[in-house]
Amino acid sequence: DYGAASATGVRGAASATGVRGAASATGDYGAASATGDYGAASATGVRGAASATGARGAASATGDYGAASATGESSVAAATGWNGRAQGAEGCAIVLVHRDDYGKIIHIRASKVGDNGIKPGVWYKLSSDGHFVEITQP
């Protein structure tokens, strides 16, 4: 409980499994996972992956091509980097940003999974016109 894990090298992995744990992967291709309730997982490098599987957790992927996944009850997955993607279980929420080629934010959109046509377990990105788009190969 209340643990913290950090991976700062390329292709590193960090995992926090206790309640209110935090996991951070800052290198490119890193993976961060928070499996306990109220956990937070953050992947900041290019092509990083963050996963929140405990209830009320948060997964954040801020690097380019990042992926965020929320499967714990009432968890949130946010991908805010260029060309990011997110997915969640029923009752979770996803947040996506669309950026231009210079990194400027053009659109941001959020939805609860199960609302607005957002399907559970399906990966989404945000289109250049601000709409959720299903992607088949994350």
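Residues numbered from 1 in each chain as written. Predicted model: local features only at pLDDT ≥ 70, side-chain atom pairs only at ≥ 80, totals over all residues. Heavy atoms only, no water.

Chemist: Before we move on, could you go through the pairing of strand 8 (residues 67-70) and cite the residues and values that matter?
Modeler: Going residue by residue along strand 8, you find Ala-67 and Ser-69 tucked away on one face and Ala-68 and Ala-70 tucked away on the opposite face as well. Inspection of the sheet shows strand 6 (residues 49-52) paired to strand 8 by four bridges, in the parallel sense. In the strand pairing of strand 8, Ala-50 is matched with Ala-68. By the bridge criterion, four bridges tie strand 8 to strand 10 (residues 85-88) in an arrangement that is parallel. Bridge pairing in strand 10 places Ser-69 opposite Gln-87. (Buried < 20%, exposed > 50% of the residue type's maximum accessible area, 1.4 Å probe, protein only. Helix = DSSP H or I, 4+ residues; strand = E, 2+ residues; numbered from the N terminus. Pairing = 2+ DSSP bridges.)

Chemist: Any chance you could break down unusual backbone geometry for me, citing the residues and the numbers?
Modeler: One non-glycine residue, Tyr-29, adopts positive backbone phi at about 65°. Its place among the elements puts Tyr-29 in the loop between strand 3 (22-25) and strand 4 (31-34).

Chemist: Can you tell me about the sheet that holds strand 9 (residues 76-79), naming the residues and giving the values?
Modeler: Consider a sheet: its strands pair through backbone hydrogen bonds, and that pairing is either parallel or antiparallel. Spatially, the seven strands line up as an open sheet ordered 1-3-5-7-9-11-12, and their pairing is mixed. The sheet is open, and its two borders are formed by strand 1 (4-7) and strand 12 (105-112), each paired with just one other strand. Adjacent strand axes in the sheet meet at a mean angle of 5° when their direction is disregarded. The pairing of strand 1 with strand 3 spans four bridges and is classified as parallel. (Axes fitted to C-alpha atoms, helices over the stretch in contact; angles between N-to-C directions.)

Chemist: Summarise the packing of aromatic side chains; cite the residues concerned and give the values.
Modeler: All chains considered together, the criterion is met by two aromatic pairs. Judged by centre distance (5.2 Å) and plane angle (90°), the rings of Tyr-65 and Trp-82 are edge-to-face. Of this pair, Tyr-65 sits in the loop between strand 7 (58-61) and strand 8 while Trp-82 sits in the loop between strand 9 and strand 10; the two residues are 17 residues apart in sequence, bridging distant segments of the chain. On the accessibility criterion, Trp-82 (26% relative accessible area) is partly exposed. Taking the centre distance of 6.2 Å and the plane angle of 75° together, the rings of Tyr-124 and Phe-132 count as edge-to-face. In this structure, Tyr-124 and Phe-132 share a single accessibility class: buried. Across from the ring centre of Tyr-29, 4.5 Å away, lies the NZ or CZ of Arg-11, which sits over that ring. The cationic tip of Arg-85 hangs over the ring face of Trp-123; the distance from NZ or CZ to the ring centre is 5.6 Å. (Phe/Tyr/Trp six-rings, centres within 6.5 Å; stacked < 30°, edge-to-face > 60°. Lys NZ or Arg CZ within 6 Å of the ring centre and 35° of its normal.)

Chemist: Mind laying out the pattern of salt bridges, listing which residues take part and the relevant values?
Modeler: With the rule as written, the count across this model stands at one salt bridge. Here Lys-119 and Glu-134 are joined by a salt bridge, their closest N and O atoms 2.8 Å apart. Taken together, the positions of Lys-119 in the loop between strand 12 and strand 13 (123-126) and Glu-134 in strand 14 (residues 132-135) put the pair 15 residues apart, joining distant regions of the chain. (Salt bridge = Lys/Arg side-chain N within 4 Å of Asp/Glu carboxyl O.)

Chemist: Any details on the pairing of strand 14? Residues and values, ideally.
Modeler: Residues in a regular strand project their side chains so that they alternate between the two faces of the sheet. As paired strands, strand 13 and strand 14 are joined by four bridges and run antiparallel to one another. By the bridge assignment for strand 14, Lys-125 is matched with Val-133. Where strand 13 folds back onto strand 14 in an antiparallel hairpin, the turn is made up of five residues, including Gly-130, whose phi is positive at roughly 85°.

Chemist: Please give an account of the nonpolar core that cites residues and values.
Modeler: Counting residues in hydrophobic clusters, the biggest one holds 28 residues, and the most contacted among them are Ala-77, Ile-94, Leu-96, Ile-118, Tyr-124 and Phe-132. Setting aside residues up to four positions removed in sequence, Ile-94 forms contacts with Ala-77, Ala-86, Gln-87, Gly-88, Arg-109, Ala-110, Ser-111, Val-113, Ile-118, Tyr-124 and Phe-132. (Core = buried A, V, L, I, M, F, W, Y, C linked by side-chain atoms within 4.5 Å. Contact = heavy atoms within 4.5 Å.)

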